[in-house]
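Architecture at a glance
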Amino acid sequence: IDLIAHDPCRTETAHTIDLVLDTTPPAVTYTQPALAQYATDEFAAIAYAVDDGPQGSGVASESASFDGAGATNGQILDMFFLEAGMHSVVVTATDNVGNTGTTERAFRVRATAASLISNIDRARSLGLITNNGAYNGIRASLEAAQQSHLDGRHATERNQLGTVVNQLEAKS
């Protein structure tokens, strides 16, 4: 914008003012979850930064959700308590002139024989498994599946993990 001003003596002064129109939403940068896939015995966090950039109007608000429920920046994600499969973190940010953007970070939780051994040990330590016979039988089956995996016998590993699923379903 160019302005020309006159004082009472009719002296003319020119001024130029550059204005920037903010038409873009704030940017979200995730630092966690960092991986595309986690095992069932791992931890991650919801961690992100929101920035409207040097030409932006500033961040007015931000909110996060995890699998559709409210979440917070810094919230710990314990894969032990999540179902295997896809999960997502969604952050919505709005700047001071109303530009709103939504950014998603998706990741998969995957059960492996090794992570399930850790999970069953943890479940026992938390008092979720109280029957020693059931614990020992399931753990032995998981150890056999882990060994099959290490030996490259993946069809056998799948069958052994299927047996574990059947054992667990029979106990519940």
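Scroll up for the structure.
For the structure given in this document, a descriptive report is provided here. These numbers were taken from a predicted model, which means no experiment stands behind them. (Residues numbered from 1 in each chain as written. Predicted model: local features only at pLDDT ≥ 70, side-chain atom pairs only at ≥ 80, totals over all residues. Heavy atoms only, no water.)

1. Some thoughts on helix α1 (residues 113-125)
Threshold: Segments assigned H or I by DSSP are reported as helices when at least four residues long, segments assigned E as strands when at least two residues long, and all are numbered from the N terminus. One less than the number of residues in a helix, times 1.5 Å, gives the span that helix is expected to have. Only protein chains enter the accessibility calculation, which uses a 1.4 Å probe; a residue is then buried when its area is under 20% of its type maximum, exposed when over 50%, and partly exposed in between. The contact rule is simple, with two residues in contact once any of their heavy atoms fall within 4.5 Å.
With 13 residues, α1 extends 19 Å from end C-alpha to end C-alpha; this agrees with the ideal 18 Å at 1.5 Å per step. Residues Ala113, Ser115, Ile117, Asn119, Ile120 and Ala123 constitute the buried set of α1. In this fold, the buried residues of α1 make contact with β4 (37-39), β11 (100-110), α2 (132-150) and α3 (154-171). Just beyond α1, the residue with positive phi is Gly127, at close to 80 degrees.

2. Section: the side chain of Asn99
Which entries qualify depends on this criterion: Here a polar contact is recorded for every N or O atom pair within 3.5 Å, except that within protein the pair must consist of a potential hydrogen donor and a potential acceptor, and residues adjacent in sequence are included only if both atoms are side-chain atoms.
Position of Asn99 among the secondary structure elements: in the loop between β10 (85-95) and β11. At a separation of 3.5 Å, a polar atom in the side chain of Asn99 contacts the main-chain carbonyl oxygen of Thr24. When neighbours within four sequence positions are excluded, Asn99 is seen to be in contact with Asp22, Thr23, Thr24, Pro25, Pro26, Ala93 and Thr94.

3. Brief notes about unusual backbone geometry
In this structure, the amide linkage connecting Gln32 to the following residue, Pro33, adopts the cis form with an omega of -5 degrees. You can see Pro33 is positioned in the loop between β3 (27-32) and β4. The backbone phi angle of Asp67 is positive, close to 50 degrees, even though this residue is not glycine. Looking at where Asp67 falls in the secondary structure, it is placed in the loop between β7 (59-66) and β8 (69-71).

4. A few points about the packing of α2 against α3
Threshold: Orientation is described by axes fitted as lines to C-alpha atoms, over the contacting stretch for helices, and by angles from 0 to 180 degrees between their N-to-C directions. Just so you know how the angles are binned, under 35 degrees is roughly parallel, over 145 roughly antiparallel, 65 to 115 roughly perpendicular, and the rest oblique. Here a crossing is called left-handed whenever its near helix is offset anticlockwise from the far helix by less than a right angle, and right-handed whenever the offset is clockwise.
Where α2 meets α3, the axes come as close as 8 Å, and the angle between the chain directions of the two elements is 165 degrees. The orientation of α2 relative to α3 falls into the category roughly antiparallel. Viewed along their axes, α2 and α3 form a crossing whose handedness is left-handed. Of α3, the residues touching α2 (which contributes Ala134, Gly137, Ile138, Ser141, Leu142, Ala144, Ala145, Ser148 and His149) are His154, Thr156, Glu157, Gln160, Leu161, Val164, Gln167, Leu168 and Lys171.

5. Here we look at the environment of Glu157
Inspection of the secondary structure assignment puts Glu157 in helix α3. The exposure class assigned to Glu157 is buried, which follows from its relative accessible area of 10%. Spatially, the C-alpha atoms of Glu157 and Leu21 are 59 Å apart, while their sequence positions differ by 136 residues.

Don't take any of this as a statement about function, it's just geometry.
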